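The chain contents come next:
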Amino acid sequence: MKVTVVGAGNVGATCADAIAHRRIASEVVLIDIKEGFAEGKALDIMQTQTTLGFNTKVTGSTNDYSKTAGSDVVVITSGIPRKPGMTREELIGINAGIVKGVAENLLAHSPNAIIVVVSNPMDTMTYLTLKATGLPKNRIIGMGGALDSSRFKCYLSQALDKPANDIQGMVIGGHGDTTMIPLTRLASYNGVPVSEFLSEEELAKVAADTMVGGATLTGLLGTSAWYAPGASVAYLVDSILNDQKKMIPCSVFLEGEYGQNDICIGVPCIIGKNGVEKIVSVELNDDEKAKFAKSADAVRAMNGDLSSVL
Ligand SMILES: NC(=O)c1ccc[n+]([C@@H]2O[C@H](COP(=O)([O-])OP(=O)(O)OC[C@H]3O[C@@H](n4cnc5c(N)ncnc54)[C@H](O)[C@@H]3O)[C@@H](O)[C@H]2O)c1
Ligand SMILES: O=C(O)C[C@H](O)C(=O)O
């Protein structure tokens, strides 16, 4: 199985590395516009083959899309990241043009690929990719909810002082500082609702920390995060390539689900070899429904700014 990752920067290279060393695909192609950059990252990853014990072939290319031909999955991470104090939404002006051009180049060489969109503002970039390519909605998946949910479980594990892998939880809604919806009501510690162990105030703090999880890291690092984002993309790609049918919150095109139409936003999905195989309808309470509608309004307003590229 072949995966192309566009953008050999922090997230793209970390994702390629995770796909290779976890043996998720037999071949990974990294591609970037910066001369020699993707080739260098690929060579560096290949030099971990014997110490990490994998056989995935990783190659790099400077803007030559013929090298990406026949990819089963393509991941778009190209574009600029935010700096401290910025929102993801402020990236739209530069990233929209990049994502649209990249998606067209990818499809010309891999007409059957499933596209995973990572570049921010991710929900709007996912919508743009869907509209610009005209591909069926099951083949366009925005990655954000997998990352936000892993941060949610990390903060829950710290508040509970319990192992993160014993915790279940999900974040839906937009992938934005104010649009994310950590579903604290449904989170559990080995099946026991976390509300049995944490007060309302403690749960509200976990939710608030989760929502600004990306901004907190951007403040600490001076640019946005890459280890958890890269690992989250690899987790999603694994579910596609190995037909794992995991339930992962992803930004996908809605046609009536969760009361929304003509929008890409985070909802729980079954992810397998056909991409989005099912959108799972979770019964939300009134407060969660109101938050989801508000989140969708904000994402839809951002989509309105795509008129110059669509
Ligand atoms: N969805 C998520 O959960 C999530 C998580 C982390 C980062 N991101 C987003 O991913 C994007 C990348 O972040 P990063 O930290 O890797 O940034 P980065 O600057 O480290 O890497 C981006 C790379 O894209 C390349 N690039 C730019 N235009 C290109 C083009 N037309 N074709 C090919 N490559 C091109 C650049 O040369 C650079 O190497 C940002 O928009 C960031 O906000 C999203
Ligand atoms: O925070 C960002 O800008 C990058 C990414 O969306 C993240 O959540 O880490």
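Procedures and definitions
- Residues numbered from 1 in each chain as written.
- Chains lettered and ligands numbered in written order.
- Predicted model: local features only at pLDDT ≥ 70, side-chain atom pairs only at ≥ 80, totals over all residues.
- Heavy atoms only, no water.
- Patch = residues over 30% accessible without salt bridge, like charges linked within 9 Å, V, L, I, M, F, W, Y side chains within 5 Å.
- Areas by Shrake-Rupley, 256 points an atom, 1.4 Å probe, with all protein chains shown as cover.
- Salt bridge = Lys/Arg side-chain N within 4 Å of Asp/Glu carboxyl O.
- Helix = DSSP H or I, 4+ residues; strand = E, 2+ residues; numbered from the N terminus.
- Buried < 20%, exposed > 50% of the residue type's maximum accessible area, 1.4 Å probe, protein only.
- Domains from an automatic or database assignment.
- Buried area = accessible area lost by both parts, 1.4 Å probe.
- Polar contact = N/O pair within 3.5 Å; in protein donor to acceptor, adjacent residues only side chain to side chain.
- Nonpolar A, V, L, I, M, F, W, Y, C, P; charged D, E, K, R; others polar.
- 1 Å grid on protein atoms, 1.4 Å probe; cavity = no way out; pocket = protein on both sides within 12 Å on 5 of 7 lines; lining within 4 Å.
- Points joined across faces, edges and corners; volume = space filled by probe spheres on them.

*Asks:* Explain a nonpolar patch on the surface here, please?
*Replies:* Taken together, the side chains of I80, I94 and I98 define a hydrophobic patch exposed on the protein surface, amounting to about 230 Å² of accessible area. Mapped onto the elements, I98 comes out in helix α4 (residues 92-109). Note on I98: relative accessible area 31%, which makes it partly exposed.

*Asks:* It is not clear to me how the domain arrangement of the chain should be interpreted in this structure. Could you clarify?
*Replies:* It is common to report an interface's size as the accessible area lost on association of the parts. Taken domain by domain, the chain consists of domain 1 (2-144) and domain 2 (145-306). Counting each side, the surface lost to burial between domain 1 and domain 2 is near 3800 Å², with a carbon and sulfur contribution of 65%. Three residues stand out in domain 1 for area buried against domain 2, namely R88, D123 and Y127, and they jointly supply 17% of the buried area on that side. There are 5 salt bridges connecting domain 1 and domain 2. The partner of D177 in a salt bridge is R82, and the shortest N-O contact between them spans 3.1 Å. For the interface between domain 1 and domain 2, the tally reads 16 residue pairs in polar contact (both at pLDDT 80 or more). Tallied by class, the residues present in the side of domain 1 that touches domain 2 amount to 25 nonpolar, 8 polar and 9 charged.

*Asks:* Honestly, the layout of surface pockets in this entry has me stumped. Any pointers?
*Replies:* A probe as big as a water molecule, rolled over the atoms, marks out the empty space that is left. Within this model, the largest pocket holds a volume of roughly 800 Å³. Lining of the largest pocket is provided by 39 residues; of these, T77, S78, G79, I80 and P81 occupy positions nearest its centre. Those elements that place two or more of their residues in the lining of the largest pocket are α1 (10-21), β2 (27-32), α4, α6 (145-160) and α8 (213-221). Across the lining of the largest pocket, the residue classes tally to 17 nonpolar, 17 polar and 5 charged. Both domains that meet at the lining of the largest pocket, namely domain 1 (2-144) and domain 2 (145-306), each give it at least three residues. Each pocket or cavity is described by its volume, and for the second largest pocket that value is around 450 Å³. Around the second largest pocket, the lining comprises 19 residues; the ones closest to its centre are S149, S150, K153, G169 and Y235. Of all the elements in the fold, those that place two or more residues in the lining of the second largest pocket are α6, β7 (167-168), α9 (227-241) and β12 (246-255). With 5 residues, the top contributor of residues to the lining of the second largest pocket is α6. Among the residues making up the lining of the second largest pocket, the classes are represented as 12 nonpolar, 6 polar and 1 charged.

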